[in-house]
Amino acid sequence: MIAWWLRHDRRLSDNACWEFALKEAAKTGEELRVFFAWNRLHLDTGIGGIPRMSARRIEWTQKDLQTMRTELKKHGIALEETEGSALDWLRTNRPSALTYSFAVAHEERQDEAQLRPLVARIHGFWTHSILEPEAIPGGLSRLPEVFTPFRHKVERENLRFELPPLQVEPLPESPASTSQAFPFEPGEASALARLGAYLNNPEGAAAYKTRRNGLLGTEYSTKFSPWLASGALSPRRIWQACLNLEDSLGGSPEVEWIRVELLWREYFQWVAYRAGSRLFHKKGFREQAPRAGFNARAFQRWVEGQTGDDFVNAGMRELAETGYSSNRARQNLASYLIHDLGIDWRYGAAYFESQLLDYDPASNWANWAYLAGVGNDPRPVRRFNTVKQAQDYDANRAFRQAWLP
Ligand code: FAD
């Protein structure tokens, strides 16, 4: 039997695991089985007893798996789910060959290492990143300490990807209010529909660089992140779709900036890969841990959006009510916890992990470490003046009015 361990690669297009599994099953005549392992994360808690997954994130993942179930059924395959680990599933089912997507974060890589002795033929693929380790300019061991040289090195490679064109259905009309930033559904079909709609909207991709610091509505930024996190959307596909649009516009710094942001994601993937467990340590990549502690009441007020800062409160309530937060808001929410409340950054990262529909270990923990001054940042302190930020980005108070009673 051939098995595909479904992880953060929940799509059928541009997915080397799926292509491999299909080919291998056709070649050998063996049965193909696909499974997803919850690894008990939906029952687990992290630092401070914070649940690893909020009820909303669990529901989002269940719905996402439902879309995969429907797609796989068209190929005569029943998606299997286990509460436990991939290791448990493999011990019980003993496939002759296994395929899966490689992960970059520490825990996920430990899972991979454990199952290697169990299966004779294992074929892993890099489906979650634009590059593979061998393709990182200069090599993974010489990954730049800061983002900009990484960006320039990758840009000099002029990466392009040949991907088959797609049949995309338009998105169903959303009943959500205009303040809702992420009124979308999980799954590959929704992801591709959003990609097409955002790139074709003159107020969307063609105005991205200008609008990306917005706070309200669907069009100020791409909203690709939750689908990137689940793997419903391939980063290579977005990259190439942006290039195609740039070509058709005769070049566009607005659209090009989406690719710059994707390179931030890419950079943090490889930072996480290289850092291993250090990414989750209080001192991050530094010699000394910051002098931050934990104040349960202040933390709870931050979680509930009951601090003395209305811009932060609005952002925290949006996060709790929707599972999404803009990049501008996230930076302020994190900075406030770390630098104004003086709380250990890992509690904030754990809370975001629980809440964010787009939770990605590398993006989340590396961004938090960066803001806490223990990550990849040439500046020792990255503190945001949240009052000034509110004046600059929410001058008419529309964001605060949308989320505060
Ligand atoms: P857009 O502005 O449209 O950007 C396009 C894509 O570029 C995003 O989908 C994302 O994949 C990537 N990107 C943009 N900014 C960043 C960044 N700073 N770091 C990494 N990738 C980036 N992003 C996650 O996907 N998952 C997380 O768990 C996560 N946690 C974060 C925690 C903190 C404290 C901060 C400050 C940022 C975090 N981000 C995370 C990055 C960023 O805020 C989100 O990717 C972005 O807001 C998602 O909305 P979008 O898709 O509309 O982004």
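Presented here is an overview of the structure given in this document. (Residues numbered from 1 in each chain as written. Predicted model: local features only at pLDDT ≥ 70, side-chain atom pairs only at ≥ 80, totals over all residues. Heavy atoms only, no water.)

1. A short note on the overall build of the chain
A count of helical and extended segments in the chain gives 17 helices and five strands. For 405 residues, the compact-globule estimate of 2.2 N^0.38 gives 22 Å, and the C-alpha radius of gyration of the chain, at 21 Å, lies within 12% of that figure. Counting only C-alpha atoms, the chain reaches 65 × 50 × 45 Å along its principal axes. A buried classification covers 56% of the 405 residues belonging to the chain. Long-range contacts, defined as pairs at least 24 residues apart, comprise 75% of the intrachain contacts of the chain with a sequence gap of at least 6. Summed over its atoms, the accessible surface of the chain is roughly 18000 Å², and 49% of this surface lies on carbon and sulfur atoms. Positive and negative side-chain charges of the chain, numbering 51 and 50 respectively, have mean locations separated by a distance of 5 Å. (Helix = DSSP H or I, 4+ residues; strand = E, 2+ residues; numbered from the N terminus. Rg over C-alpha atoms; globule rule 2.2 N^0.38 Å. Buried < 20%, exposed > 50% of the residue type's maximum accessible area, 1.4 Å probe, protein only. Contact = heavy atoms within 4.5 Å. Areas by Shrake-Rupley, 256 points an atom, 1.4 Å probe, with all protein chains shown as cover. Lys, Arg positive; Asp, Glu negative; His and termini not counted. Charge placed at Lys NZ, Arg CZ, Asp CG, Glu CD.)

2. Re the nonpolar core
Within the largest apolar cluster, 83 residues are counted, with the highest numbers of intra-cluster contacts made by Phe150, Trp270, Phe299, Trp302, Trp345 and Trp368. Of the residues forming this core, the biggest block, twelve residues, is contributed by helix α10 (residues 253-275). Trp270 has contacts with Val104, Trp126, Ser129, Leu131, Glu132, Pro133, Ile136, Leu140, Leu143 and Phe150, leaving out every residue within four places of it along the chain. Core analysis: the next-biggest nonpolar cluster, separate from the first, contains 20 residues, Cys17, Trp38, Met53 and Leu65 among them. (Core = buried A, V, L, I, M, F, W, Y, C linked by side-chain atoms within 4.5 Å.)

3. With respect to the environment of Ser354
On the secondary structure map, Ser354 appears in helix α14 (residues 345-355). Residue contacts for Ser354: discarding those within four places in its chain leaves Ile50, Pro51, Arg52, Met53, Ser54 and Arg57.

4. Some words on the side chain of Arg317
With respect to the secondary-structure elements, Arg317 resides in helix α12 (residues 310-322). In this structure, Arg317 is buried with no salt-bridge partner, the nearest side chain bearing the opposite charge being Glu321 at 6.4 Å. Engagement of the side chain of Arg317 in a polar contact is seen with the backbone oxygen of Gly305, the distance being 2.7 Å. (Salt bridge = Lys/Arg side-chain N within 4 Å of Asp/Glu carboxyl O. Polar contact = N/O pair within 3.5 Å; in protein donor to acceptor, adjacent residues only side chain to side chain.)

5. Focus on the pairing of strand β5 (residues 121-125)
Two strands pair when backbone bridges link them, and strand β4 (residues 97-101) and β5 are joined in this way by five bridges, in the parallel orientation. Pairing of Ser101 across the sheet is with Phe125, part of β5. As for the winding sense of the linkage, the β-α-β connection from β4 through helix α4 (residues 106-115) to β5 is right-handed. (Pairing = 2+ DSSP bridges. Right-handed = clockwise from strand over helix to strand, strands pointing away.)

6. Structural notes on the site of the ligand
Close contacts around the ligand come from 28 residues, with Tyr208, Ser221, Thr222, Lys223 and Asn327 the closest. Taking Phe224, its main chain carries an N or O atom lying 3.1 Å from an oxygen atom of the ligand. If the ligand stood free it would expose 810 Å²; the protein chains cover 97% of that surface. The site holding the ligand turns out to be the largest pocket. Looking at the shell around the ligand, the element that brings in the most residues is helix α15 (residues 361-371), giving five residues. Of the residues in the shell around the ligand, the class split is twelve nonpolar, ten polar and six charged. (Near = heavy atom within 4 Å. 1 Å grid on protein atoms, 1.4 Å probe; cavity = no way out; pocket = protein on both sides within 12 Å on 5 of 7 lines; lining within 4 Å. Sits in = over half its atoms within 2 Å of the grid points. Nonpolar A, V, L, I, M, F, W, Y, C, P; charged D, E, K, R; others polar.)

7. Section: the side chain of Ser101
Positionally, Ser101 belongs in strand β4. At 2.8 Å, the side chain of Ser101 and the side chain of Asp9 are in polar contact. Here the side chain of Ser101 touches Thr127 through a polar contact of 2.6 Å, side chain to side chain. Each residue touching Ser101, except ones within four places of it in the same chain, is listed here: Arg7, His8, Asp9, Cys17, Glu112, Phe125 and Thr127.

8. Thoughts on the sheet that holds strand β1 (residues 2-6)
One open sheet accounts for five strands, arranged β3-β2-β1-β4-β5; its pairing is parallel. Each edge of the open sheet is held by one strand with a lone partner, namely β3 (79-82) and β5. Averaged over all neighbouring strand pairs, the angle between strand axes comes to 25°, with direction disregarded. Sheet analysis places strand β2 (residues 32-37) next to β3, joined by four bridges and oriented parallel. If you follow Phe35 over to β3, its bridge partner there is Glu80. Each of β1, β2 and β3 is contacted by helix α2 (residues 55-73), which is oriented at about 150° to β3, the strand it contacts most. Across the sheet, helix α3 (residues 86-93) lies against β1, β2, β3 and β4, angled at about 145° from β2, the strand it touches most. (Axes fitted to C-alpha atoms, helices over the stretch in contact; angles between N-to-C directions.)

9. Considerations on the packing of aromatic side chains
As enumerated under the stated definition, the model contains 34 aromatic pairs in all. When the centroid spacing of 6.0 Å and the interplanar angle of 80° are considered together, the rings of Tyr198 and Phe224 count as edge-to-face. One end of the pair, Tyr198, is in helix α6 (residues 188-200); the other, Phe224, is in the loop between α7 (208-211) and α8 (225-230), and 26 residues separate them in sequence. Exposure remark for Tyr198: the relative accessible area of 0% places this residue in the buried category. For Phe224, a relative accessible area of 2% translates into the label buried. The interplanar angle of 80° and the centroid separation of 4.9 Å between the aromatic rings of Phe352 and Trp368 together place this pair among those described as edge-to-face. Placement of Phe352 in helix α14 and of Trp368 in helix α15 is noted, with a sequence separation of 16 residues between them. For the pair formed by Phe352 and Trp368, the shared burial category is buried. (Phe/Tyr/Trp six-rings, centres within 6.5 Å; stacked < 30°, edge-to-face > 60°.)

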